[in-house]
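Here's the letter readout for the chains.
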Amino acid sequence: MSLNNDQLLNINNYLDFKDLYHLDLRMEIFDHMVESIEMKMSMGSTFSEAFELECKKWNPELKSYSSHWLGLVHSGPKLVMQKCVGTIKKLYLKSLFAALVVAVCLFVAESLFPLKANPAIINAFVGAGMFICVFLWVYWYIRIRKSPKQTSYGYFIKINTIGSVVSIFIFNPLVDTTFGYGSPISLGFGWIFLHAWIFVWTFLFAKIFRKHGATINFRLAP
Amino acid sequence: MNKKLCLKFLGIRKLAIFESIVAYMGNAKLYKGSLNTIILKLLEEQGKMYGYEITQKVKELTKGELQITEGALYPALHKLEAEGLLDVEVTKVDNRLRKYYKLTEAGVKETKNRLAELEDFIRSMQHLVNPKWSID
């Protein structure tokens, strides 16, 4: 038994009401609800009864939810936010580990073969790299905002943009020379680690932006 | 929860062993810990499946005694996808989009590993809680 357009519209309205506009999750939940309602109707329920039961089942998963991992100012359907929480935990772990490895390697290499370059040159390279990171974040944000299709990946990037851009900007040695190599308060290993972490963090988000792109430009399988 | 769940999905051949483990761990914990393995095993057998189909297949195989909730199923599917164990395929069915999940190459290997690990675990538990039973 297939649902008619009005009945499908009811389900869509429910998902709109729950702010579930993320394409990757919405398509599967919509399909799940339709299948489940059709099954109940084929067993004798009316659409209203089946729809009400289905809403009751989904309400806990789609209720408004926020997490300190993402910042308590951000809230959204629980299913979306929990996916974002899982992603950010993994990103922290991956980025901190990768930054640590990079920092240790650079620190050891610098200790064994002291770099005789002028600290200003190093700062210029690092600073330019960080400006590129800022540019990328702003570019992703604008692309996601302008796109008519939203995904959980895009949402995840959006809620992390301001914090990331501000941090990258603050710690840019070209913006504030106290954060540069060779400055009086330079912490050596600490600054290498911090800058490595910023680059790795941006790199990992580039992969998430690619997933966002792949989701909105999906190709239908035959 | 259906005590034959693991017999059906995970290759445990003695119900008593599962009963002993359930008694030791509690149903909820055992089920939660096995959900990813159940999904992987089903996808290995079926090729590709969508969310609703997975819940119905589990219900059917366990004669309705085990029902995977949506709140547990989708986070598990997304986690497995993020780990690179599942791939996604979108098709159009009755004017709506349907998202199918299927195992990646890494997923196929991981399924074998997880089933082997689970069997080892069950074997160890069996020795601990009820030495007279054997899955061999």
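**Observations concerning the overall build of chain B**
So, step 1. The helix and strand inventory of chain B stands at six helices and three strands.
So, step 2. Its helices and strands taken in sequence order, chain B reads α-α-α-β-α-α-β-β-α from the N to the C terminus.
So, step 3. Counting the 136 residues in chain B, one finds 27% classified as buried.
So, step 4. Counting only contacts in chain B whose residues sit at least 6 apart along the sequence, the fraction spanning at least 24 positions is 56%.

**Brief notes about the overall build of chain A**
So, step 1. Counting its secondary structure elements, chain A contains seven helices and two strands.
So, step 2. Taken from N to C terminus, the helices and strands of chain A fall in the order α-α-α-β-β-α-α-α-α.
So, step 3. Compactness check: chain A gives a C-alpha radius of gyration of 24 Å against a globular reference of 17 Å for 222 residues, more than 25% above the reference.
So, step 4. When the backbone C-alpha atoms are referred to their principal axes, chain A occupies close to 80 × 30 × 30 Å.
So, step 5. In chain A, which comprises 222 residues, the proportion classed as buried is 32%.

**Things to note about the interface of chain B and chain A**
So, step 1. In this complex, chain B contributes 19 residues to the contact, which on the side of chain A involves 21 residues.
So, step 2. Those elements that place two or more of their residues in the side of chain B that touches chain A are α4 (51-61), α5 (70-82), β2 (86-93) and β3 (96-103) of chain B.
So, step 3. No other element matches the seven residues that α5 of chain B contributes to the side of chain B that touches chain A.
So, step 4. Here the residues of the side of chain B that touches chain A sort into seven nonpolar, four polar and eight charged.

**Structural notes on the nonpolar core**
So, step 1. Ile 157 of chain A together with Ile 39 and Leu 77 of chain B are the most contacted members of the largest nonpolar core, which totals 58 residues.
So, step 2. For this core, the leading source of residues is helix α7 (residues 189-216) of chain A, giving nine residues.
So, step 3. Each of domain 1 (5-62) and domain 2 (76-220) of chain A contributes no fewer than three residues to this core.
So, step 4. Other than its neighbours up to four places away in sequence, Ile 39 of chain B contacts Ile 54, Ala 76, Leu 77 and Leu 80 of chain B.

**A few points about the environment of Tyr 141 of chain A**
Residue and element names in this part refer to chain A.
So, step 1. Note on placement: Tyr 141 falls in helix α5 (residues 119-146).
So, step 2. Here Tyr 141 falls in the partly exposed class, since 19 other C-beta atoms lie within 10 Å of it.
So, step 3. Along the sequence, Tyr 141 and Phe 209 sit 68 residues apart, while their C-alpha atoms lie 9.7 Å from each other.
So, step 4. Those residues in contact with Tyr 141 that lie beyond four places of it in its chain are Lys 158 and Thr 161.

**Things to note about the pairing of β2 of chain B**
All names here are of chain B.
So, step 1. Note: β2 against β3, eight bridges, orientation antiparallel. When the sheet's bridge partners are listed, Val 88 is paired in β3 with Tyr 101.
So, step 2. What sits between β2 and β3 in their antiparallel hairpin is a turn of two residues, with Asp 94 showing a positive phi close to 50 degrees.

**Overview of unusual backbone geometry**
So, step 1. The backbone of Asp 19 of chain A sits at a positive phi, close to 65 degrees, despite the residue not being glycine.
So, step 2. Summarising the element assignment, Asp 19 of chain A is placed in the loop between α1 (5-17) and α2 (23-42).
So, step 3. Of note in this structure, Asn 95 of chain B is not a glycine but carries a positive phi near 65 degrees.
So, step 4. Summarising the element assignment, Asn 95 of chain B is placed in the loop between β2 and β3.

**Description of the domain arrangement of chain A**
Residues and elements named next belong to chain A.
So, step 1. Assigned domains within chain A: domain 1 (5-62) and domain 2 (76-220).
So, step 2. When each unit is reduced to the centre of its C-alpha atoms, the spacing between domain 1 and domain 2 is 39 Å.
So, step 3. Contacts between the two partners involve ten residues from domain 1, matched on the other side by twelve residues from domain 2.
So, step 4. For the side of domain 1 that touches domain 2, the elements supplying multiple residues, two or more each, are α2 and α3 (47-62).
So, step 5. The residue inventory of the side of domain 1 that touches domain 2, partitioned by class, reads five nonpolar, one polar and four charged.

The rules behind the values
- Every chain is numbered on its own, with residues counted from 1 as its sequence reads.
- Both sets of labels track the order of writing: A upward for chains, 1 upward for ligands.
- Per-residue local features are limited, in this predicted model, to residues with pLDDT of at least 70; the limit for side-chain atom pairs, both in listing and counting, is 80 or more; totals at the level of whole chains, interfaces and linings are taken over all residues.
- In this text, helices come from DSSP runs of H or I with a minimum length of four residues, and strands from runs of E with a minimum of two, each type numbered from the N-terminal end.
- Any residue surrounded by 20 or more other C-beta atoms within 10 Å of its C-beta is treated as buried, while 12 or fewer makes it exposed and the intermediate range makes it partly exposed; C-beta atoms here are placed from the backbone.
- By definition, residue pairs are in contact when their C-beta atoms, positioned from the backbone, come within 7 Å.
- The atom set for the radius of gyration is the C-alpha atoms, and the globule formula is 2.2 Å times the number of residues raised to the power 0.38.
- Any residue that is not Ala, Val, Leu, Ile, Met, Phe, Trp, Tyr, Cys, Pro, Asp, Glu, Lys or Arg is counted as polar, Gly included; the first ten are nonpolar and the last four charged.
- Nonpolar core, as used here: buried Ala, Val, Leu, Ile, Met, Phe, Trp, Tyr and Cys residues forming one set through C-beta atoms within 7 Å.
- All the domain ranges listed were derived from an automatic or database domain assignment.
- Two strands are counted as paired when DSSP detects at least two bridges linking them.

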